[in-house]
Amino acid sequence: MDLKETEISSKQIFKGRIVDLSVRTIKLPNGETATREVVKHQPAAAVIAINHENKMLLVKQWREPIKQLTLEIPAGLIDSTDASPLDAMKRELNEEGGYRAEYWEKIIEFYSTPGFTDEKMYLFYCDTLTKLEDKRELDSDEFLTSSWYSLEELKKLTAEGKIVDAKTLYAISVWENMLLTGSTKENND
């Protein structure tokens, strides 16, 4: 059976700075029609930033859609000033953490929630961090704090339900796997 759905029509409901919402009528594989609500979202970049103590950088910030504080890896939208997803991540690491890194590795590209959005995420790993004297300012509507966590602390916070952000949960799993398989730069030295 061919599982592909075919778009018949699309109506834009909302156009915003970060997201656009459309309602699409699609033809299902069985010939019937259905409606899909689709959010177009700017791509974003995120990072597994590891310091010399083998701890991961997380930021704490308020997330209005879920009305709670979250612990998340540094991340941000890729905007028109960025030449690449890596450039965006370097900017965000500076803004959100006040660091720059000598070593960068692209881990993976993935879609955050393909059931309703096309948001693409680029996940990077970095280490050999240097604290910056001239940290970039946060965006005017951005308020956060940053802290370092060991893998054991992250696993405990996850088990307690204190880390609820999907990209961060995924990043913790990736970092743990990197440590177990010896694929981090630290383990290759």
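See the structure shown above.
These numbers were taken from a predicted model, which means no experiment stands behind them. (Residues numbered from 1 in each chain as written. Predicted model: local features only at pLDDT ≥ 70, side-chain atom pairs only at ≥ 80, totals over all residues. Heavy atoms only, no water.)

### Considerations on the layout of surface pockets
The volume enclosed by the largest pocket comes to roughly 1,400 Å³. For the largest pocket, the lining is made up of 41 residues, of which Ile-18, His-41, Arg-63, Glu-72 and Leu-77 are closest to its centre. Of the residues that constitute the lining of the largest pocket, the class distribution is 15 nonpolar, nine polar and 17 charged. (1 Å grid on protein atoms, 1.4 Å probe; cavity = no way out; pocket = protein on both sides within 12 Å on 5 of 7 lines; lining within 4 Å. Points joined across faces, edges and corners; volume = space filled by probe spheres on them. Nonpolar A, V, L, I, M, F, W, Y, C, P; charged D, E, K, R; others polar.)

### Details of helix 2 (residues 151-159)
Residues of helix 2 that are buried include every one of Leu-151, Leu-154 and Leu-157, and no others. Buried residues of helix 2, seen end-on, are gathered within an arc of 125° and therefore sit on one face of the element. Exposed residues on helix 2 whose side chains face more than 90 degrees from its buried face are Glu-152, Lys-156 and Ala-159. Contact partners of the buried residues in helix 2: strand 5 (56-63), strand 6 (68-72), strand 10 (144-149) and helix 3 (166-181). Two residues or fewer past helix 2, Gly-161 is found with a positive phi of approximately 75°. (Buried < 20%, exposed > 50% of the residue type's maximum accessible area, 1.4 Å probe, protein only. Helix = DSSP H or I, 4+ residues; strand = E, 2+ residues; numbered from the N terminus. Arc of directions from axis to C-beta. Contact = heavy atoms within 4.5 Å.)

### Quick notes on the pattern of salt bridges
Oppositely charged side chains can form a pair if their charged atoms are brought close together. Scanning the entire structure with this criterion turns up 18 salt bridges. Of the charged contacts in the structure, one is a salt bridge between Arg-24 and Glu-7, with a shortest N-O distance of 3.8 Å. Of this pair, Arg-24 sits in strand 2 (residues 19-27) while Glu-7 sits in strand 1 (residues 6-15); the two residues are 17 residues apart in sequence, bridging distant segments of the chain. On the accessibility criterion, Arg-24 (22% relative accessible area) is partly exposed. When the shortest N-O distance is used, the salt bridge between Asp-82 and Arg-91 registers 2.7 Å. Asp-82 gets classed as buried once you look at its relative accessible area, which sits at 13%. For Arg-91, a relative accessible area of 9% corresponds to the buried category. Taken together, the shared-partner salt bridges connect Asp-79, Asp-82, Arg-91, Glu-92 and Glu-95 into one network. (Salt bridge = Lys/Arg side-chain N within 4 Å of Asp/Glu carboxyl O.)

### Considering the nonpolar core
Ile-48, Met-56, Leu-58, Leu-123, Leu-154 and Trp-175 are the most contacted members of the largest nonpolar core, which totals 23 residues. Secondary-structure elements contributing two or more residues to this core are strand 4 (44-49), strand 5, strand 9 (120-131), helix 2 and helix 3. When residues in this core are grouped by element, the largest group, five residues, is from helix 3. Counting 14 residues, the second largest nonpolar core, distinct from the first, contains Ala-49, Leu-93, Trp-104 and Cys-126. (Core = buried A, V, L, I, M, F, W, Y, C linked by side-chain atoms within 4.5 Å.)

Function cannot be inferred from these measures alone, as they are strictly geometric.
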